[in-house]
Amino acid sequence: MPVSDDRRPIAVTMGDPAGVGPEVAARAWAARREHALPPFVAIGDIAAIEAVWDGPVARVSDMGEAVGAFDAALPVWHLEDSGPLTPGVPTPAGATCALHALETGIGLTRNGASGALVTGSVSKHALHGIGYTHPGQTEFIAERCGVTATNAVMMLAGPTLRVVPLTVHIPLAEVPERLTAELIVAKARIVARGLVRDFGIAAPRIAIAGLNPHAGESGQLGDEETRIIAPAVAQLAEEGIAVDGPLAADALFAPGIRDHYDAILCCYHDQALAPFKALHFHDGVNLTLGLPIIRTSPDHGTAFDIAGTGKADPGPTIAAIAMAARMAATRDSSLSPAK
């Protein structure tokens, strides 16, 4: 049964079946009306949901079935049994199931059956134990979509703030040597395009934080701002991208300043994520720009320590599904012929 473009469900991978992914997917469905969530289908081992939730479940093998079942039950695209399951205890079989769920979700979204992909949290340690070699899910998704990993840009987005770390999971001591004008220009271009394409912002405004205290204090506290960031800002401005920087990071996130920008590019992981999580710990969304598909993810890990206890907060998953739907609607409207 074909699914119409405006009713394509969201593909939600459960992540590691021993983590909180199955529970928060189920509880997101339970809160679907309260949050006006669109139809979505959970992908993975149906037993992982049944182990932590006693609500209605509908096993589906077609996205049209998922739309039809959504009002009365959580649609689940069952892949395989992940073996004996104990919430909080990851296994190789569970990691294999998580990987297969990711591959299935990518395939459904790439072929247009799904409007967007929301990825549940996985255990990198468990995945590496079964031979997985990618640093995370983003790099795997980019590869499957034919995009180089450097062109897949991680953004954290919430109701009042969007941030992009220019460097991510590397030691702080390595940041100055990894930060280049070319990197800044390349990521800023992708961010600008993504803000237009997926958020409907016609003329995005971008800020770039300085690396050093007070943005280097005119070279007295470091020269990365004048040597690396300023030339990148100048090049971006020549290309017509509205960008300010380098700006002192200690004041950049104040309400009267951050409100002027649609996204803030930060030099390192914690410079971006510390203020973001202070503002949007429960409703922040991790998303990937630069892909041919829409991909979002709740901004938390597998939380094995509370899996199966009923303590997991579905808020981040709800936010990730809602944002994926909004992004899909924005992208679809930009592709629709003018009436």
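The model shown is predicted, which means the values in this text are computed figures rather than measured ones.

## Details of the overall build of the chain
Looking only at helices and strands, one finds 13 helices and 12 strands in the chain. Projected onto its principal axes, the C-alpha coordinates of the chain cover approximately 60 × 50 × 35 Å. When the 339 residues of the chain are sorted by exposure, 53% land in the buried category. Looking at the chain alone, contacts between residues at least 24 apart form 73% of all its contacts between residues at least 6 apart.

## Structural notes on the pattern of salt bridges
Should the charged atoms of two oppositely charged side chains come close, the side chains can pair. Applying the stated criterion across every chain, the model contains 9 salt bridges. Across the pair Asp262 and Arg205 runs a salt bridge, and its minimum N-O distance is 3.5 Å. Taken together, the residues Asp262 in the loop between α11 (255-258) and β10 (263-266) and Arg205 in strand β8 (residues 205-209) connect sequence positions 57 residues apart. Assessed through its relative accessible area of 36%, Arg205 is described here as partly exposed. Sharing partners across several salt bridges, the network here consists of Glu103, Glu143 and Arg144.

## Focus on the pairing of strand β4 (residues 74-78)
Most of β4 is tucked away, with 5 of its 5 residues classed as buried. Neither face of β4 is exposed, since Leu74, Val76 and His78 on one face and Pro75 and Trp77 on the opposite face are all buried. As defined by bridge partners, strand β2 (residues 40-44) adjoins β4 across 3 bridges and the pair is classed as parallel. Paired with Ile43 across the strands is Trp77, a residue of β4. For strand β3 (residues 57-59) and β4, the ladder comprises 3 bridges, and the chain directions are parallel. Paired with Val57 across the strands is Leu74, a residue of β4.

## Re the sheet that holds strand β12 (residues 295-298)
The strand order β3-β4-β2-β1-β5-β12-β11-β6-β7-β10-β8-β9 describes an open sheet built from 12 strands, whose pairing is mixed. Looking along the sheet, the strands with just one partner apiece sit at the ends: β3 and β9 (242-247). On average, adjacent strands in this sheet sit at an angle of 25° to one another, irrespective of strand direction. Bridge analysis of strand β7 (residues 162-165) against β10 gives 3 bridges, and the strand direction is parallel. Across the sheet, the residue bridging to Val164 is Leu265, located in β10. Across the sheet, helix α8 (residues 181-199) lies against β6 (153-157), β7, β8, β10 and β11 (285-289), angled at about 55° from β6, the strand it touches most.

## Considerations on the confidence of the model for the chain
Detailed reading of predicted coordinates is not advised where the pLDDT is low. Looking at the chain as a whole, its pLDDT mean stands at 93, while 96% of the residues score no less than 70. Here residues 1-5 scores under 50 on pLDDT; set against residues more than four positions off or in separate chains, the count is 8 contacts.

## Concerning helix α6 (residues 137-144)
Within the sequence span of α6, burial applies to Gln137, Thr138, Phe140, Ile141 and Ala142. Summarising the contacts, the buried residues of α6 are in contact with α4 (92-110), β5 (116-119), β11 and β12. Within two residues after α6, Gly146 carries a phi angle of roughly 75°, on the positive side.

## Some thoughts on the pairing of β9
Alignment of β8 against β9, held across 4 bridges, turns out to be parallel. Paired with Ile206 across the bridge in β9 is Val243. The handedness of the β8 to β9 crossover, carried by helix α9 (residues 224-238), is right-handed.

## Re α9
Given a rise of 1.5 Å per residue, 15 residues ought to cover 21 Å, and the 21 Å separating the end C-alpha atoms of α9 matches this to within 8%. The sharpest bend along α9 comes to roughly 30°, located at Ala230, with the proline Pro231 sitting one to four residues further on. Turning to α9, its buried residues are Glu224, Glu225, Ile228, Ile229, Ala232, Val233 and Leu236. Along its buried surface, α9 packs onto α7 (175-178), α8, β8 and β9. Backbone geometry just downstream of α9 places Gly240 in the positive-phi region, at approximately 90°.

## Let's talk about the nonpolar core
Phe40, Leu74, Met155 and Val191 are the most contacted members of the largest nonpolar core, which totals 63 residues. Sequence-distant contacts of Val191, that is, excluding residues within four places in its chain, are made with Val153, Met155, Val164, Ile206, Ala263, Leu265 and Leu289. Judged by nonpolar contacts, the second largest core, of 27 residues, contains Leu102, Leu127, Ala142 and Ile293.

## Observations regarding the packing of α8 against α9
Packed helix pairs are specified by the crossing angle of their axes together with the interaxial distance, meaning the distance between the axes. Orientation of α8 relative to α9, taken along the N-to-C sense of each, is 40°, at an axis distance of 8 Å. Between α8 and α9, the crossing angle belongs to the class labelled oblique. In terms of crossing hand, the pair formed by α8 and α9 is right-handed. Between α8, through Ala181, Ile184, Val185, Ala188 and Arg189, and α9, the contact on the second element is made entirely by Ile228, Ile229, Ala232, Gln235 and Leu236. When grouped by side-chain class, the residues that make up the contact of α8 with α9 number 8 nonpolar, 1 polar and 1 charged.

Cut-off values and rules
- Residues numbered from 1 in each chain as written.
- Predicted model: local features only at pLDDT ≥ 70, side-chain atom pairs only at ≥ 80, totals over all residues.
- Heavy atoms only, no water.
- Helix = DSSP H or I, 4+ residues; strand = E, 2+ residues; numbered from the N terminus.
- Buried < 20%, exposed > 50% of the residue type's maximum accessible area, 1.4 Å probe, protein only.
- Contact = heavy atoms within 4.5 Å.
- Salt bridge = Lys/Arg side-chain N within 4 Å of Asp/Glu carboxyl O.
- Pairing = 2+ DSSP bridges.
- Axes fitted to C-alpha atoms, helices over the stretch in contact; angles between N-to-C directions.
- pLDDT = per-residue confidence, 0-100.
- Right-handed = clockwise from strand over helix to strand, strands pointing away.
- Expected span 1.5 Å × (residues − 1).
- Bend = angle between axes of the 7 residues up to and from the residue.
- Core = buried A, V, L, I, M, F, W, Y, C linked by side-chain atoms within 4.5 Å.
- Parallel < 35°, antiparallel > 145°, perpendicular 65-115°, else oblique.
- Left-handed = near helix turned anticlockwise from the far one by under 90°.
- Nonpolar A, V, L, I, M, F, W, Y, C, P; charged D, E, K, R; others polar.

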